[in-house]
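# Tertiary structure, described
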Amino acid sequence: MTDPFFAALRARRPDVDIVILPPQDPPGPSPEARADELSRSAEVVDATVAAIAARLPEPTSDGPRWETYASKKLRRWAQLEARAADGDAILAGLDQSFRDARWHSEVAVKAFHRWTASQSDAEIVGTWSASHHGLVVTVTGRVLRPAADLLEALT
């Protein structure tokens, strides 16, 4: 191998075989989502938003609504905002509730508190800043490609 990166890697790890595979063909188009799939996605996201809103102090909301995503695709989307001096405790409570409901959920604390939760039909990202007391939670459904007539009706 004449590439300097791989030469250095080979020198450090002679016991490892390096294989470079050709690029894969791009995936084919995803199948069209039926009306019942769109309805289920909306139900999951809307119920998740309602459950979170019930735990926030005086939340304001943008959505839930359908959001165009990439070309001819949609996903259900909503964002909740609240001012909270105890946003860390709110996120910890949400984290535990969603874990109990068998979501993959975790809270990380670095410059701000960040809560993420996901399951097959939805993803959640929540952040809270101690210095600004701003709590923002975004809920997104899975990306779907509806038939053209459904896409037009929902956008």
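Residues numbered from 1 in each chain as written. Predicted model: local features only at pLDDT ≥ 70, side-chain atom pairs only at ≥ 80, totals over all residues. Heavy atoms only, no water.

Quick look at the overall build of the protein now. When helices and strands are counted, the protein shows four helices and six strands. In sequence order, the protein lays out its α and β elements as α-α-β-β-α-β-β-β-β-α. Compactness check: the protein gives a C-alpha radius of gyration of 21 Å against a globular reference of 15 Å for 155 residues, more than 25% above the reference. In terms of overall dimensions, the protein has C-alpha extents of about 60 × 45 × 30 Å along its principal axes. For the protein, with 155 residues in total, the buried portion stands at 32%. (Helix = DSSP H or I, 4+ residues; strand = E, 2+ residues; numbered from the N terminus. Rg over C-alpha atoms; globule rule 2.2 N^0.38 Å. Buried < 20%, exposed > 50% of the residue type's maximum accessible area, 1.4 Å probe, protein only.)

Turning to helix α2 (residues 35-53), a few remarks are in order. For α2, spanning 19 residues, the distance from its first C-alpha to its last is 27 Å, which sits close to the expected 27 Å at 1.5 Å a residue. Among the residues making up α2, those that are buried are L38, S41, A42, V44, V45, T48, V49 and I52. The arc enclosing the buried residues of α2, seen along the axis, measures out at 165°, which places them on a common side. (Expected span 1.5 Å × (residues − 1). Arc of directions from axis to C-beta.)

Looking now at the pattern of salt bridges. Applying the stated criterion to the full structure yields 11 salt bridges. Between D46 and R76 there is a salt bridge, with its nearest N and O atoms 3.1 Å apart. Pair noted here: D46 is in helix α2 and R76 is in strand β2 (residues 73-83), with a separation of 30 residues, a long-range link. One continuous salt-bridge network, built from bridges that share partners, spans R34, D36, E37, R40, D121 and R142. (Salt bridge = Lys/Arg side-chain N within 4 Å of Asp/Glu carboxyl O.)

Moving on, we get to the environment of S129. Looking at the secondary structure, you find S129 in strand β5 (residues 122-129). Look at S129 and you get buried, because its relative accessible area is 17%. The spacing of S129 and A78 is 51 residues in sequence and 20 Å in space, taken between C-alpha atoms. There is a polar contact of 3.2 Å between the side chain of S129 and the side chain of H132. (Polar contact = N/O pair within 3.5 Å; in protein donor to acceptor, adjacent residues only side chain to side chain.)

Note on placement: T140 falls in strand β6 (residues 134-141). Taking relative accessible area as the criterion, T140 reaches 10% and is therefore assigned buried. Excluding residues that lie within four positions of it along the chain, T140 makes contacts with V45, R75, R76, W77, D121, A122 and E123. (Contact = heavy atoms within 4.5 Å.)

The sheet contact formed by strand β3 (residues 104-109) and strand β4 (residues 113-119) spans six bridges and is antiparallel. The partner of S105 across the bridge, within β4, is A117. Between the antiparallel neighbours β3 and β4 lie three residues. Here β4 pairs with β5 via seven bridges, running antiparallel. Residue pairing in the sheet places Q119 in a bridge with A122 of β5. Remark: two residues form the turn of the hairpin made by β4 and β5, two consecutive strands paired antiparallel. (Pairing = 2+ DSSP bridges.)

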